[in-house]
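Observations on chain architecture
The residues making up each chain are set out below.
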Amino acid sequence: MSFLSHLECPECGRNHTADELHTVCPVCGSPLLARYDLSQAKIRLDRDRFQIRPNTMWRWRELLPVRDEAHIITLAEGGAPLIYTPRLGQQLDVRNLYIKDEGRNPTGTFKARGIGMAVSRAVELGVKGFIIPTAGNAGGALAAYAARAGLPAHVFMPKDAPPSNQNEVKLAGAYLHLVPGLISDAGRESAAMAKDSGLFDVSTLKEPYRLEGKKTMGYEIAFDLRWQLPDVILYPKGGGTGLIGIWKAFDEMEQLGWIDSSRPRMVSVQAAGCAPMVKAFEEGRDRCEFFTGARTQAAGLRVPKPLGDRLILRAIRESNGTAVSVTDDEMIAARALIASTEGLQACLEGSATVAALQKLAASDWVEPGERVVCLNTGTGFKDAI
Ligand SMILES: *Cc1c(COP(=O)(O)O)cnc(C)c1O
Ligand SMILES: [Zn+2]
């Protein structure tokens, strides 16, 4: 049973009912956040009872939006391990370093969490087909979960998106639309098709539930570290749902009485060739400008204007965190370092967090004794196909 109570707009403050299909706030256009009756949940839930359940993101189901278990469309996503990486840590002079390896997820990336959640909740609310613009991995995940649900999916991808993503979409029987340009161009085309097709648009933050899937990473980090949050979390930011979701999970857990008020410093990592967040952070703005000429091999980071920019910037600043960019060459070097020290095949996006940590440790922004978590958001094997 879910403690979901309503949807809240973080910008205009209005509430909306959770039990009908919503996209963004109908009043102001902001992304909506799912809210739960956490005071009831606090009475009824015991944080130490969850470990007896299977280790997937559905372990936290009372704090997730799906009301009836029968509607859950799952490939056993979530539950990715937090791996202690001392040999890598030694190279960076960060003794307490962990990598949360999201490459273990179905479809090879953490997109499975968000899409698995959005598809499940949409099925519960009666949706009969899906549409998505994507840099690559979210499209692969949507194709998989739509297949699992027995529903059609239309995926709009830049025509230079990684071949592994194009293949997985076609294999899973979804319609692949290749678009010249970037994810923002794919977004324009898919929005046009969504308007008169009756297909539900599961773009990042244009519906409230992908965020709920991604937030389970925050619950898992706290659980794995026995409810003592780390000092620093580095996140490779595309649309930013993971960072916003982890931050939301920490808030919820504090209200549940599971953790105290201390928080990690949240670091948003971007590619130097597409770094709108670094610019906005450094200039003290609360929104990003469109980053023209976005270029990076790390497809998941090629998002020139994230819809959730306000929420991301707020989380970074509230946490005393920062925004960092690294070059593609630095990512490639970090990928080799991770593999050679720890045997872990990270994706380029995940490798970017280690490259960023290298800089932050060298400048003493991260101190040698601090406990640090880098998110490896996908498997490196997908880059090799
Ligand atoms: C999508 C993606 C990201 C970025 O995630 P957001 O939630 O959009 O910030 C990072 N890494 C990989 C591998 C991705 O597929
Ligand atoms: Zn609003």
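The shown structure was predicted, so the numbers you read here are calculated from the model rather than taken from an experiment.

We now examine the sheet that holds strand β11 (residues 265-271). The 6 strands are arranged β4-β5-β13-β10-β11-β12 in an open sheet whose pairing can be described as mixed. Looking at the sheet topology across the chains shown, the edges are occupied by β4 (82-84) and β12 (322-326). When strand polarity is set aside, the average angle formed by the axes of neighbouring strands in this sheet is 25°. Summarising the sheet, β11 and β12 pair through 5 bridges and their orientation is parallel. Each residue of the ladder has a partner; that of Val 267, found in β12, is Thr 322. Sheet strands in contact with helix α8 (residues 241-255) are β10 (232-236), β11 and β13 (371-376), and its direction is about 175° off that of β11. The strands that helix α11 (residues 328-342) touches are β5 (96-101), β11 and β12; relative to β12, the one it contacts most, it runs at about 90°.

This part takes up the site of ligand 1. Ligand 1 sits among 16 residues. The nearest are Lys 111, Gly 239, Gly 240, Thr 241 and Thr 377. A distance of 2.8 Å separates an oxygen atom of ligand 1 from a polar atom in the side chain of Asn 137. Between an oxygen atom of ligand 1 and a side-chain N or O atom of Tyr 235, the distance comes to 2.8 Å. In isolation ligand 1 offers 390 Å² of accessible surface; the protein chains occlude 96% of this area. Per-class residue counts for the shell around ligand 1 are 4 nonpolar, 8 polar and 4 charged.

This part covers the coordination of the zinc ion (ligand 2). Listed as protein donors to the zinc ion (ligand 2) are Cys 9 (SG), Cys 12 (SG), Cys 25 (SG) and Cys 28 (SG); their distances from the metal cover 2.2 to 2.4 Å. Given 4 donor atoms and angles of 98 to 117° at the metal, the environment of the zinc ion (ligand 2) is assigned as tetrahedral. One chain supplies every donor to the zinc ion (ligand 2), and in sequence these donors are spaced C-x2-C-x12-C-x2-C. In this pair, Cys 9 sits in the loop between β1 (4-8) and β2 (15-16) while Cys 25 sits in the loop between β2 and β3 (33-36), placing the two residues 16 residues apart along the sequence. Both residues of the pair, Cys 9 and Cys 25, count as buried.

Here we come to α11. A rise of 1.5 Å per residue sets the reference length of α11, with its 15 residues, at 21 Å; its end C-alpha atoms lie 21 Å apart and thus fit the reference within 8%. The set of residues buried in α11 consists of Asp 328, Met 331, Ala 334, Leu 337, Ile 338 and Thr 341. Looking at the buried side of α11, the elements it contacts are α2 (86-92), β5, β11, β12 and α12 (348-362). One or two residues past the end of α11 sits Gly 343, with phi positive at roughly 75°.

A separate point is the side chain of Arg 53. With respect to the secondary-structure elements, Arg 53 resides in the loop between α1 (38-44) and β4. Polar contacts involving the side chain of Arg 53 include one to the main-chain carbonyl oxygen of Arg 59, which spans 2.6 Å. The contacts of Arg 53, once residues within four sequence positions are left out, are Arg 59, Arg 61 and Glu 62.

Strands in a sheet are paired, the pairing made by backbone hydrogen bonds, and the direction either parallel or antiparallel. Read from one edge to the other, the open sheet built from 4 strands follows the order β8-β7-β6-β9, with strand pairing classed as parallel. Two strands close off the open sheet at either side, each with one partner strand: β8 (175-179) and β9 (200-201). Sheet topology places strand β6 (residues 130-133) next to β9; 2 bridges connect them, and they run parallel. The residue of β9 that forms the bridge with Phe 130 is Phe 200.

Here we take up the packing of aromatic side chains. Tallied over the entire structure, the rule returns 10 aromatic pairs. For the ring pair Phe 110 and Tyr 235, a centre distance of 6.1 Å and an interplane angle of 50° mean the geometry is tilted. Here Phe 110 is found in the loop between β5 and α3 (111-124), whereas its partner Tyr 235 is found in strand β10, with 125 residues between them in sequence. Judged by relative accessible area, which is 5%, Phe 110 ranks as buried. Between Trp 227 and Trp 258 the ring centres are 5.5 Å apart and the planes differ by 70°, which places this aromatic pair in the edge-to-face class.

To continue, consider the packing of α11 against α12. Taken N-terminus to C-terminus, the directions of α11 and α12 make an angle of 95°; their axes are 8 Å apart at the nearest point. In terms of axis orientation, α11 runs roughly perpendicular to α12. Along the contact surface, α11 presents Glu 330, Met 331, Ile 332, Ala 334, Arg 335, Leu 337 and Ile 338, while α12 presents Leu 348, Ser 351, Ala 352, Val 354, Ala 355, Gln 358 and Lys 359.

For the rest of this paragraph, the subject is the environment of Arg 95. Following the sequence through the fold, Arg 95 ends up in the loop between α2 and β5. Classification of Arg 95 as exposed rests on a relative accessible area of 54%. Placed 86 residues apart in sequence, Arg 95 and Cys 9 show a C-alpha to C-alpha distance of 40 Å. Discounting chain neighbours no more than four positions away, the residues touching Arg 95 are Tyr 84, Pro 368 and Gly 369.

So, about the pattern of salt bridges. Counted according to the given criterion, the structure contains 33 salt bridges. In this structure, the salt-bridge partner of Arg 310 is Glu 11, at a minimum N-O distance of 3.9 Å. With Arg 310 in helix α10 (residues 309-318) and Glu 11 in the loop between β1 and β2, this residue pair connects regions lying 299 residues apart in the sequence. Judged by its relative accessible area of 27%, Arg 310 falls in the partly exposed class. Exposure remark for Glu 11: the relative accessible area of 31% places this residue in the partly exposed category. Note that Lys 279 and Glu 289 form a salt bridge whose closest N and O atoms lie 3.5 Å from each other. With Lys 279 in helix α9 (residues 276-282) and Glu 289 in the loop between α9 and α10, the pair connects residues that are 10 residues apart, well separated along the chain. Taking the relative accessible area as the measure of exposure, Lys 279 reaches 37% and is therefore partly exposed. On the basis of relative accessible area, Glu 289 is assigned to the partly exposed category, the value being 39%. Taken together, the shared-partner salt bridges connect Glu 11, Asp 286, Arg 310 and Arg 314 into one network.

About the cut-offs
- Residues numbered from 1 in each chain as written.
- Chains lettered and ligands numbered in written order.
- Predicted model: local features only at pLDDT ≥ 70, side-chain atom pairs only at ≥ 80, totals over all residues.
- Heavy atoms only, no water.
- Pairing = 2+ DSSP bridges.
- Helix = DSSP H or I, 4+ residues; strand = E, 2+ residues; numbered from the N terminus.
- Axes fitted to C-alpha atoms, helices over the stretch in contact; angles between N-to-C directions.
- Contact = heavy atoms within 4.5 Å.
- Near = heavy atom within 4 Å.
- Polar contact = N/O pair within 3.5 Å; in protein donor to acceptor, adjacent residues only side chain to side chain.
- Areas by Shrake-Rupley, 256 points an atom, 1.4 Å probe, with all protein chains shown as cover.
- Nonpolar A, V, L, I, M, F, W, Y, C, P; charged D, E, K, R; others polar.
- Donors = N, O, S within 2.8 Å, 3.2 Å for Na, K, Ca; no water.
- Tetrahedral: all angles 85-135°; square planar, octahedral: opposite > 155°, others 65-115°.
- Buried < 20%, exposed > 50% of the residue type's maximum accessible area, 1.4 Å probe, protein only.
- Expected span 1.5 Å × (residues − 1).
- Phe/Tyr/Trp six-rings, centres within 6.5 Å; stacked < 30°, edge-to-face > 60°.
- Parallel < 35°, antiparallel > 145°, perpendicular 65-115°, else oblique.
- Salt bridge = Lys/Arg side-chain N within 4 Å of Asp/Glu carboxyl O.

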